[in-house]
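Structural overview for review
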Amino acid sequence: MVMKPVALTLNGSFRAAFTAPGQNLLDLLRRGLGDLTPKYGCGQGGCGACTVLVDGEPHLACLVLAEAVDGRNVETVAGMSGATPHPLQEAFMAHFAAQCGYCTPGFLMAAKALLARNPRPTREDVVEAISGNLCRCTGYEPIIEAILSVAHGSARA
Amino acid sequence: MRTDSMSNGMIEFRKELFADERDDTLNEIGKPTRRQDILGHVTGRSPFYDDHLFHGLLHMRCARSPHHAARIRRIDTTEAELSPGVVRVLTGRDVPLNLNTLLSLLDFGIDDEPVLSTDRVRYRGEPVAAVIAESEAAAREAAAKVRVEWEVLPHVLDVEEAIRPGAPVVLEIYPGNRFVYHGRYDHQKLRFGDVEAAFRTADHIIEGRYQISPIEQAPIETCGAIAAPETNDRYVCYTSTQALFFSLATTSKLLRLPSSRLHFIGGTVGGGFGGKVDSVHEPLAVLGAMLTGRPVKFMWDREEEMQVGGPRGAERWYIKDGVMRDGRIVARKFTGYFDSGAYTRLTSYAVIKAVGHLPGPYTIPNVHADVYCVFTNRTPATAMRGFGITGVDFAIEAHMDKVAEAVGMNPIDLRILNAYRDGDMKAHRRVAKNCALIECCQVVAEKAGVQLTSASRAASSRQGGGGERGRIPAHTALDQVGRVEGFDTGSYARKPARQAQATAARPAAAAPAPAPPQPRVPRLEPSRAASAAPPIPPAPAQPAQTGGPARSGPIRFSSISGFRRR
């Protein structure tokens, strides 16, 4: 098996790894680079639990070939908080926008991408932005409220 | 400050109801609180079972039956074993005790389900071999190379077809395709009064047929487990289970390992909803770790989760009511069928829960129910959010609407008229107390703008109950329908061989008796300290733990609270 090197920026750090043919970005991040924040839910692009940002745009890591991120900038929830949680994380906590927590990293990434390109989204914009993410504990309403509260500057918890 | 959904109008407390039954010195209820695990969830650091990295991790994947029912003539794993990256291929012969029923841990039911079947499959997707390989892709490729010679058998997928004479037998130990309760009956019975006599005097007879299809819990995290040898002769197992000690004991039983050699870690579950109690993954993952000496992950992909993950089972209900012109329901008869799928798992218990719930929250003086746990060649059913109750509640409430229409009453008035009042006798011979259906109905009607009758508006759960309504009927019609003779309950407690084996296998249990636990002095709350605390009797001496005398019999579920208290 011919392994292929990839070098990328992951949450601001320069990282390099070998990828196997056909390996997806989710597997590279989790097994190869030890970033366990993106989750496996379906492996078919259906649930959004593995959503990460590639050059600022949300991508489903299970559908991206690992070698395709060579030279790119990848962001995950692991890079979201510094000394204090990111405002979106604060808002998710304050609005009870996580129950089991498994889909949460994907929602946070989708929300982060939304606010980066549209800091004042409408409710419809938020619903559209998270439409690729499934939550089975039925938390959509609190999630929408949490994202809107950040957009409208009322997120201080 | 955080916003508070409770003050946003999403939840409204009606504290005027039953105010005298409650003291409002509650510290938590009605106030927002932050869940303790939420920081882990929003930082992605909550440790789900798959969030543990192991060097040299192996991946397990099952070869499965493409047929609903088939005899296995031969399983050939040669080609799979030679497939690149394969470390080992397991079949049923590798499983120390290849037969289980989940509730055997509670002495309930007969072992009926193999971990990996060797002779017969009873549902599509039933596993017959487990491939362990260096990568998930290699395991997938090799699983497709397990060759099985099948002899396809007739199958049955509908509960009522399954109990017809001559239907294909799903499980040989239950030839009637019905679970046998306590070795006596092929269904659960509820008899209260005499429905047939009451039907003859009723003004209306209203019948209905209701059913629900299986429902997959579909958690975003698929079920699985990772097991690895530790350096202390134990195996660690990270699992998605919702029932850690169930999974631990099941693994201990099937692998014939004392539970002291199993180090189970769970509790962080990526959505369960009942679908993660079946303990399917842990035994195979630990067995894989035992036989390879390496960490093994057994994780379902999404397709497996949907195809072989135990769903809320299908149910079919027939309800027949005898109703008077004024809306009083005087008799209600149920015939219910739970689709257990190919094995028992928890459906036997779901049926007990359902029967304990009948006839719904209504005082009906004559009730009759026959409810069956039926085996079919479908995916074995399991727990899901209120299982045993949800389906029949749908049936009951849909039927209440039908009754209301038949007698020309508002459906909420009908419910208030028939609702339990405090002091009423329920069909399973317990007195109703703390009833609140009437008050709920009144609030709902008000919110929905439904005009209730003055009688309904004046009704109260605390008035009109008891008295004649609080008595068990003088005559209850009994029958022997579904009586089974000479059926072995399969109870563990009654097997002398196992008793001996259990004693022999656990010599430590007969070792020096542990010191009796010290009596715990309850901490007195300030408000209660004023009243004289009752003297605390000394704890009785603990008898030394030995193999002990045989227990008198199996523990049985009571019809109401799950277990008979001992």
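Residues numbered from 1 in each chain as written. Chains lettered and ligands numbered in written order. Predicted model: local features only at pLDDT ≥ 70, side-chain atom pairs only at ≥ 80, totals over all residues.

Some remarks on the overall build of chain B
Across its full length, chain B holds 15 helices and 15 strands. Scored against the burial criterion, the 566 residues of chain B give a buried share of 43%. (Helix = DSSP H or I, 4+ residues; strand = E, 2+ residues; numbered from the N terminus. Buried ≥ 20, exposed ≤ 12 C-beta atoms within 10 Å, placed from the backbone.)

Considering the overall build of chain A
For chain A, the helix and strand inventory stands at five helices and five strands. Counting helices and strands in the order they occur from the N terminus, chain A gives β-β-α-β-β-β-α-α-α-α. On the principal axes, the C-alpha backbone points of chain A span a range of 50 × 30 × 25 Å. By the burial criterion, 54% of the 157 residues in chain A qualify as buried. Restricting the contact set of chain A to residue pairs at least 6 apart, pairs at least 24 apart contribute 57%. (Contact = placed C-beta atoms within 7 Å.)

With respect to the domain arrangement of chain B
Interfaces are often sized by the accessible area lost when the parts come together. All names here are of chain B. Taken domain by domain, chain B comprises domain 1 (58-153 + 218-308) and domain 2 (162-216 + 311-408). Taken over C-alpha atoms, the centre of domain 1 sits 33 Å from the centre of domain 2. Contact residues are listed per partner, giving 22 residues for domain 1 and 22 residues for domain 2. Its residues assigned to classes, the side of domain 1 that touches domain 2 comprises twelve nonpolar, six polar and four charged. (Domains from an automatic or database assignment. Nonpolar A, V, L, I, M, F, W, Y, C, P; charged D, E, K, R; others polar.)

Remarks on the interface of chain A and chain B
Contact residues are listed per partner, giving 31 residues for chain A and 24 residues for chain B. Counting residues per element, the ones that place at least two in the side of chain A that touches chain B are α2 (87-94) and α3 (104-117) of chain A. Of all the elements, α2 of chain A adds the most residues to the side of chain A that touches chain B, at four residues. A per-class count over the side of chain A that touches chain B returns 20 nonpolar, nine polar and two charged.

What to know about the nonpolar core
In this structure, Met60, Ala129, Val131, Ile132, Ala227 and Ala285 of chain B are the most contacted members of the largest nonpolar core, which totals 172 residues. Apart from residues no more than four positions distant in its own chain, isoleucine 132 of chain B is found in contact with Leu58, Met60, Val87, Arg88, Leu90, Ala139, Gly288, Thr292 and Val296 of chain B. (Core = buried A, V, L, I, M, F, W, Y, C linked by C-beta atoms within 7 Å.)

Side note on the environment of proline 258 of chain B
All names here are of chain B. You can see proline 258 is positioned in the loop between α6 (244-255) and β11 (262-265). Taking the C-beta count within 10 Å as the criterion, proline 258 has 11 such neighbours and is therefore assigned exposed. When the C-alpha positions of proline 258 and threonine 335 are compared, they lie 43 Å apart, and in sequence the two are 77 residues distant.

Looking at the sheet that holds strand β2 (residues 70-76) of chain B
Residue and element names in this part refer to chain B. Within the open sheet, the three strands sit side by side as β4-β2-β6. Their pairing is antiparallel. Across the chains shown, the open sheet's two edge strands, defined by having one partner strand only, are β4 (120-121) and β6 (147-152). Across two bridges, β2 lies against β4 in antiparallel orientation. Paired with alanine 70 across the strands is valine 121, a residue of β4. (Pairing = 2+ DSSP bridges.)

Overview of the domain arrangement of chain A
All names here are of chain A. Segmenting chain A into domains produces domain 1 (4-79) and domain 2 (87-151). Taking only C-alpha atoms, the centre of domain 1 and the centre of domain 2 are 21 Å apart. Each partner contributes to the interface: domain 1 provides 14 residues, whereas domain 2 provides 13 residues. Looking at which element gives the most residues to the side of domain 1 that touches domain 2, the answer is strand β3 (residues 51-54), with three residues. Considered class by class, the residues forming the side of domain 1 that touches domain 2 number eight nonpolar, four polar and two charged.

Quick look at the sheet that holds β3 of chain A
Residue and element names in this part refer to chain A. One open sheet holds the five strands; their spatial order is β2-β1-β5-β3-β4, and the pairing between them is mixed. Bordering the open sheet on either side are β2 (13-19) and β4 (57-60), each of which pairs with just one other strand. Sheet twist, expressed as the average angle between the axes of neighbouring strands with direction ignored, equals 40°. Against the sheet, α3 contacts β3 and β4, and its axis sits at roughly 35° relative to β3. (Axes fitted to C-alpha atoms, helices over the stretch in contact; angles between N-to-C directions.)

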